[in-house]
Amino acid sequence: MLRSYSRLFQRYPTIFTLTRLPTARLQTCHFSISSTCPTEGLRDFGLPNATWGPNLRNLYDKFLDLTNTGLWRRIPSHNTTVNHLEGIGKRMFLRNIDEDGVGFEYCMFYNKAESRMVCLFQPGPYLEGPPGYAHGGSIATIIDSTAGAGAVYTCGSVMTANLNINYLKPIPLGCTLLVDSYVEKIEGRKVYSRCHIQSHDALILHTEAMALYIKLG
Ligand SMILES: CCCCCCCCCCCCCC(=O)SCCNC(=O)CCNC(=O)[C@H](O)C(C)(C)COP(=O)(O)OP(=O)(O)OC[C@H]1O[C@@H](n2cnc3c(N)ncnc32)[C@H](O)[C@@H]1OP(=O)(O)O
(Lines give C-alpha, C1' and ligand atoms only; values in the text may rest on other atoms or scores of the structure.)
Protein backbone atom coordinates (compact mmCIF):
# COMPACT_ATOMS: atom_id res chain seq x y z
CA MET A 1 0.00 0.00 0.00
CA LEU A 2 2.67 2.50 0.91
CA ARG A 3 5.26 3.33 -1.67
CA SER A 4 8.82 2.90 -0.55
CA TYR A 5 10.94 5.95 -0.03
CA SER A 6 13.65 4.61 -2.30
CA ARG A 7 11.23 4.72 -5.26
CA LEU A 8 11.27 8.49 -4.98
CA PHE A 9 14.59 8.50 -6.67
CA GLN A 10 13.60 6.64 -9.81
CA ARG A 11 10.75 8.32 -11.81
CA TYR A 12 9.32 10.64 -14.58
CA PRO A 13 8.51 14.35 -15.56
CA THR A 14 6.16 17.10 -16.54
CA ILE A 15 6.26 20.88 -17.00
CA PHE A 16 2.98 22.54 -16.05
CA THR A 17 2.01 25.53 -13.96
CA LEU A 18 -1.25 25.94 -12.07
CA THR A 19 -3.24 29.03 -12.91
CA ARG A 20 -6.66 30.31 -11.93
CA LEU A 21 -9.15 30.62 -14.75
CA PRO A 22 -9.99 34.33 -15.17
CA THR A 23 -13.70 33.66 -14.75
CA ALA A 24 -13.27 31.91 -11.39
CA ARG A 25 -15.40 33.15 -8.50
CA LEU A 26 -15.22 32.34 -4.82
CA GLN A 27 -17.88 29.65 -4.89
CA THR A 28 -16.80 28.08 -8.17
CA CYS A 29 -13.16 27.60 -7.47
CA HIS A 30 -11.73 26.29 -10.74
CA PHE A 31 -8.11 25.53 -11.27
CA SER A 32 -6.56 24.71 -14.60
CA ILE A 33 -3.12 23.73 -15.75
CA SER A 34 -1.36 25.92 -18.27
CA SER A 35 2.14 26.67 -19.35
CA THR A 36 2.07 30.26 -18.10
CA CYS A 37 2.12 31.55 -14.55
CA PRO A 38 0.10 34.69 -13.71
CA THR A 39 1.94 35.08 -10.41
CA GLU A 40 5.17 36.16 -12.10
CA GLY A 41 6.96 38.68 -9.91
CA LEU A 42 5.59 37.27 -6.65
CA ARG A 43 7.96 35.58 -4.24
CA ASP A 44 8.27 31.83 -4.68
CA PHE A 45 8.04 30.44 -1.13
CA GLY A 46 8.98 26.95 -2.30
CA LEU A 47 12.61 27.98 -2.54
CA PRO A 48 15.10 27.47 0.31
CA ASN A 49 15.41 30.16 2.95
CA ALA A 50 17.57 30.62 6.05
CA THR A 51 15.10 28.80 8.32
CA TRP A 52 15.40 25.52 6.44
CA GLY A 53 17.28 22.94 8.47
CA PRO A 54 19.94 20.72 6.88
CA ASN A 55 17.58 17.78 6.47
CA LEU A 56 15.05 19.86 4.55
CA ARG A 57 17.79 21.34 2.45
CA ASN A 58 19.26 17.89 1.69
CA LEU A 59 15.89 16.48 0.65
CA TYR A 60 15.23 19.55 -1.46
CA ASP A 61 18.57 19.13 -3.23
CA LYS A 62 17.79 15.47 -3.94
CA PHE A 63 14.44 16.27 -5.47
CA LEU A 64 15.87 19.17 -7.38
CA ASP A 65 18.38 16.73 -8.87
CA LEU A 66 15.46 14.52 -9.87
CA THR A 67 13.98 17.37 -11.89
CA ASN A 68 17.04 17.09 -14.14
CA THR A 69 15.79 13.65 -15.21
CA GLY A 70 12.64 15.33 -16.49
CA LEU A 71 10.51 13.00 -14.39
CA TRP A 72 9.79 15.44 -11.58
CA ARG A 73 9.04 19.12 -11.59
CA ARG A 74 9.30 21.59 -8.75
CA ILE A 75 6.00 23.33 -8.00
CA PRO A 76 6.28 27.10 -7.48
CA SER A 77 4.49 28.29 -4.34
CA HIS A 78 3.08 31.79 -3.89
CA ASN A 79 1.06 33.25 -1.04
CA THR A 80 -1.81 34.29 -3.27
CA THR A 81 -3.49 33.46 -6.55
CA VAL A 82 -4.96 35.96 -9.02
CA ASN A 83 -7.57 38.26 -7.51
CA HIS A 84 -11.04 36.86 -7.07
CA LEU A 85 -12.00 38.81 -3.95
CA GLU A 86 -11.83 42.44 -4.91
CA GLY A 87 -10.40 44.72 -2.24
CA ILE A 88 -9.65 41.95 0.26
CA GLY A 89 -6.08 41.08 1.17
CA LYS A 90 -6.44 37.34 0.88
CA ARG A 91 -3.69 34.79 1.44
CA MET A 92 -3.25 31.12 0.72
CA PHE A 93 -3.92 29.41 4.06
CA LEU A 94 -0.52 27.72 4.25
CA ARG A 95 1.31 30.96 3.39
CA ASN A 96 -0.54 33.35 5.68
CA ILE A 97 2.31 34.09 8.12
CA ASP A 98 4.88 36.65 7.02
CA GLU A 99 7.77 35.31 9.07
CA ASP A 100 9.72 32.45 7.51
CA GLY A 101 10.02 29.16 9.37
CA VAL A 102 7.32 29.60 12.02
CA GLY A 103 4.35 28.05 10.23
CA PHE A 104 4.14 25.75 7.23
CA GLU A 105 7.61 25.65 5.72
CA TYR A 106 7.40 23.44 2.65
CA CYS A 107 7.96 22.87 -1.02
CA MET A 108 6.38 20.44 -3.47
CA PHE A 109 7.50 18.29 -6.39
CA TYR A 110 5.19 16.57 -8.88
CA ASN A 111 5.69 13.42 -10.91
CA LYS A 112 3.10 13.30 -13.70
CA ALA A 113 3.75 9.72 -14.77
CA GLU A 114 2.98 8.54 -11.25
CA SER A 115 0.24 11.11 -10.52
CA ARG A 116 2.29 11.77 -7.46
CA MET A 117 2.82 14.91 -5.40
CA VAL A 118 5.51 15.03 -2.75
CA CYS A 119 5.81 17.76 -0.15
CA LEU A 120 8.97 18.39 1.88
CA PHE A 121 7.68 19.86 5.11
CA GLN A 122 9.20 21.45 8.21
CA PRO A 123 6.47 22.31 10.74
CA GLY A 124 7.26 25.51 12.61
CA PRO A 125 6.51 26.50 16.22
CA TYR A 126 3.20 28.21 15.38
CA LEU A 127 1.76 24.81 14.44
CA GLU A 128 2.04 23.49 17.98
CA GLY A 129 -0.67 21.24 19.35
CA PRO A 130 0.56 18.98 22.17
CA PRO A 131 3.67 20.61 23.69
CA GLY A 132 6.52 20.24 21.23
CA TYR A 133 4.43 18.50 18.57
CA ALA A 134 2.42 19.49 15.54
CA HIS A 135 -1.32 20.05 15.88
CA GLY A 136 -3.42 17.37 14.18
CA GLY A 137 -5.25 20.04 12.21
CA SER A 138 -2.00 21.32 10.78
CA ILE A 139 -1.12 17.76 9.78
CA ALA A 140 -4.50 17.39 8.08
CA THR A 141 -3.86 20.67 6.30
CA ILE A 142 -0.53 19.64 4.82
CA ILE A 143 -1.99 16.27 3.79
CA ASP A 144 -5.02 17.84 2.09
CA SER A 145 -2.84 20.47 0.43
CA THR A 146 -0.36 17.92 -0.88
CA ALA A 147 -2.85 15.30 -2.03
CA GLY A 148 -5.22 18.05 -3.20
CA ALA A 149 -2.53 19.70 -5.29
CA GLY A 150 -1.67 16.27 -6.69
CA ALA A 151 -5.31 15.73 -7.65
CA VAL A 152 -5.48 19.19 -9.25
CA TYR A 153 -2.31 18.61 -11.26
CA THR A 154 -3.60 15.21 -12.33
CA CYS A 155 -7.29 15.97 -12.97
CA GLY A 156 -7.90 19.73 -12.90
CA SER A 157 -10.38 21.41 -10.53
CA VAL A 158 -11.36 19.38 -7.46
CA MET A 159 -12.82 19.84 -3.99
CA THR A 160 -12.12 17.66 -0.99
CA ALA A 161 -15.14 15.51 -0.13
CA ASN A 162 -13.59 13.19 2.43
CA LEU A 163 -10.32 12.98 4.31
CA ASN A 164 -9.52 10.02 6.54
CA ILE A 165 -6.36 10.19 8.66
CA ASN A 166 -4.60 7.77 10.96
CA TYR A 167 -2.20 9.61 13.26
CA LEU A 168 0.37 6.96 14.08
CA LYS A 169 3.29 8.81 15.68
CA PRO A 170 3.43 12.43 16.89
CA ILE A 171 5.35 14.88 14.73
CA PRO A 172 7.98 16.97 16.56
CA LEU A 173 8.02 20.64 15.63
CA GLY A 174 11.01 21.62 13.52
CA CYS A 175 11.66 18.16 12.12
CA THR A 176 11.78 17.43 8.40
CA LEU A 177 9.09 15.29 6.86
CA LEU A 178 8.26 13.80 3.55
CA VAL A 179 4.55 14.00 2.69
CA ASP A 180 4.02 11.56 -0.16
CA SER A 181 0.73 11.37 -2.06
CA TYR A 182 -0.56 9.83 -5.25
CA VAL A 183 -3.83 9.45 -7.09
CA GLU A 184 -4.77 5.81 -6.64
CA LYS A 185 -7.83 5.64 -8.88
CA ILE A 186 -10.37 7.79 -10.67
CA GLU A 187 -14.00 6.75 -10.99
CA GLY A 188 -16.06 9.26 -12.92
CA ARG A 189 -15.78 12.51 -10.96
CA LYS A 190 -14.32 10.77 -7.90
CA VAL A 191 -10.58 10.96 -7.42
CA TYR A 192 -9.16 8.69 -4.71
CA SER A 193 -5.76 9.62 -3.30
CA ARG A 194 -3.47 8.14 -0.71
CA CYS A 195 -0.93 9.95 1.36
CA HIS A 196 1.54 9.19 4.07
CA ILE A 197 3.94 11.24 6.13
CA GLN A 198 7.30 9.86 7.07
CA SER A 199 10.41 11.23 8.70
CA HIS A 200 13.10 12.60 6.39
CA ASP A 201 15.15 9.41 6.78
CA ALA A 202 12.11 7.16 6.22
CA LEU A 203 12.58 5.53 9.64
CA ILE A 204 9.31 6.75 11.16
CA LEU A 205 5.87 6.48 9.59
CA HIS A 206 3.96 9.31 11.26
CA THR A 207 0.67 9.42 9.41
CA GLU A 208 -1.41 7.61 6.81
CA ALA A 209 -4.38 9.07 4.99
CA MET A 210 -6.92 8.51 2.25
CA ALA A 211 -8.69 11.35 0.51
CA LEU A 212 -11.63 11.61 -1.86
CA TYR A 213 -11.71 14.57 -4.24
CA ILE A 214 -14.61 15.40 -6.53
CA LYS A 215 -13.88 16.84 -9.93
CA LEU A 216 -15.66 20.10 -10.63
CA GLY A 217 -17.01 21.53 -13.84
C1 LIG B 1 -0.75 28.99 -8.57
C2 LIG B 1 -2.00 28.40 -8.17
C3 LIG B 1 -1.75 27.44 -6.98
C4 LIG B 1 -3.02 26.71 -6.65
C5 LIG B 1 -2.75 25.60 -5.68
C6 LIG B 1 -3.95 24.72 -5.58
C7 LIG B 1 -3.72 23.70 -4.55
C8 LIG B 1 -5.01 23.02 -4.28
C9 LIG B 1 -4.99 22.29 -3.01
C10 LIG B 1 -6.37 22.12 -2.54
C11 LIG B 1 -6.41 21.47 -1.21
C12 LIG B 1 -7.52 21.97 -0.34
C13 LIG B 1 -8.85 21.56 -0.87
C14 LIG B 1 -9.93 22.09 0.00
O15 LIG B 1 -9.68 22.57 1.07
S16 LIG B 1 -11.49 22.00 -0.62
C17 LIG B 1 -12.43 22.70 0.74
C18 LIG B 1 -13.05 21.65 1.60
N19 LIG B 1 -14.07 20.95 0.89
C20 LIG B 1 -15.28 21.45 0.73
O21 LIG B 1 -15.61 22.51 1.21
C22 LIG B 1 -16.21 20.62 -0.09
C23 LIG B 1 -17.67 20.83 0.30
N24 LIG B 1 -18.49 19.88 -0.43
C25 LIG B 1 -18.91 20.15 -1.67
O26 LIG B 1 -18.71 21.24 -2.20
C27 LIG B 1 -19.63 19.06 -2.39
O28 LIG B 1 -20.16 18.14 -1.48
C29 LIG B 1 -18.73 18.33 -3.40
C30 LIG B 1 -18.22 19.33 -4.46
C31 LIG B 1 -17.54 17.66 -2.72
C32 LIG B 1 -19.52 17.24 -4.11
O33 LIG B 1 -20.73 17.79 -4.51
P34 LIG B 1 -21.31 17.60 -5.99
O35 LIG B 1 -22.72 18.04 -5.98
O36 LIG B 1 -20.40 18.23 -6.98
O37 LIG B 1 -21.20 16.04 -6.23
P38 LIG B 1 -22.23 14.90 -5.73
O39 LIG B 1 -22.78 15.18 -4.39
O40 LIG B 1 -23.19 14.65 -6.87
O41 LIG B 1 -21.24 13.65 -5.61
C42 LIG B 1 -20.53 13.17 -6.73
C43 LIG B 1 -20.07 11.78 -6.39
O44 LIG B 1 -19.18 11.86 -5.27
C45 LIG B 1 -19.71 11.10 -4.18
N46 LIG B 1 -19.42 11.80 -2.92
C47 LIG B 1 -19.57 13.11 -2.68
N48 LIG B 1 -19.19 13.39 -1.42
C49 LIG B 1 -18.78 12.24 -0.89
C50 LIG B 1 -18.27 11.86 0.36
N51 LIG B 1 -18.08 12.78 1.35
N52 LIG B 1 -17.96 10.60 0.59
C53 LIG B 1 -18.11 9.65 -0.38
N54 LIG B 1 -18.60 9.94 -1.61
C55 LIG B 1 -18.93 11.21 -1.84
C56 LIG B 1 -21.22 11.01 -4.45
O57 LIG B 1 -21.79 9.88 -3.80
C58 LIG B 1 -21.22 10.88 -5.96
O59 LIG B 1 -20.85 9.56 -6.28
P60 LIG B 1 -21.54 8.81 -7.52
O61 LIG B 1 -23.00 8.82 -7.24
O62 LIG B 1 -21.18 9.60 -8.75
O63 LIG B 1 -20.94 7.43 -7.52
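Higher on the page you've got the structure.
Residues numbered from 1 in each chain as written. Predicted model: local features only at pLDDT ≥ 70, side-chain atom pairs only at ≥ 80, totals over all residues.

Participant: Please clarify how the overall build of the protein should be interpreted in this entry.
Facilitator: Of regular secondary structure, the protein possesses two helices and nine strands. Ordered by position from the N terminus, the helices and strands of the protein form the series β-β-α-β-β-β-α-β-β-β-β. With 217 residues in all, the protein has 33% of them scored as buried. Across the protein, every contact between residues at least 6 apart in sequence was considered, and the portion connecting residues at least 24 apart equals 68%. (Helix = DSSP H or I, 4+ residues; strand = E, 2+ residues; numbered from the N terminus. Buried ≥ 20, exposed ≤ 12 C-beta atoms within 10 Å, placed from the backbone. Contact = placed C-beta atoms within 7 Å.)

Participant: For this particular structure, what's the right way to read the sheet that holds strand β6 (residues 158–167)?
Facilitator: Strand pairing in a sheet relies on backbone hydrogen bonds, with the paired strands running either antiparallel or parallel. Strand order in the open sheet made by the seven strands is β3-β4-β5-β7-β8-β9-β6, with antiparallel pairing throughout. Whereas interior strands pair on both sides, the edge strands pair on one side only; in this sheet they are β3 (73–75) and β6. Each neighbouring strand pair of the sheet contributes to a mean axis angle of 25°, computed without reference to strand direction. The pairing of strand β5 (residues 116–123) with strand β7 (residues 177–187) spans six bridges and is antiparallel. Looking across to β7, one finds that C119 is bridged to V179. Strands in contact with helix α1 (residues 54–67) are β3, β4 (104–111), β5 and β7; relative to β5, the strand with the most contacts, it is inclined by about 160°. Against the sheet, helix α2 (residues 136–155) makes contact with β3, β4, β5, β6, β7, β8 (190–199) and β9 (205–215), and its axis sits at roughly 135° relative to β6, the strand it touches most. (Pairing = 2+ DSSP bridges. Axes fitted to C-alpha atoms, helices over the stretch in contact; angles between N-to-C directions.)

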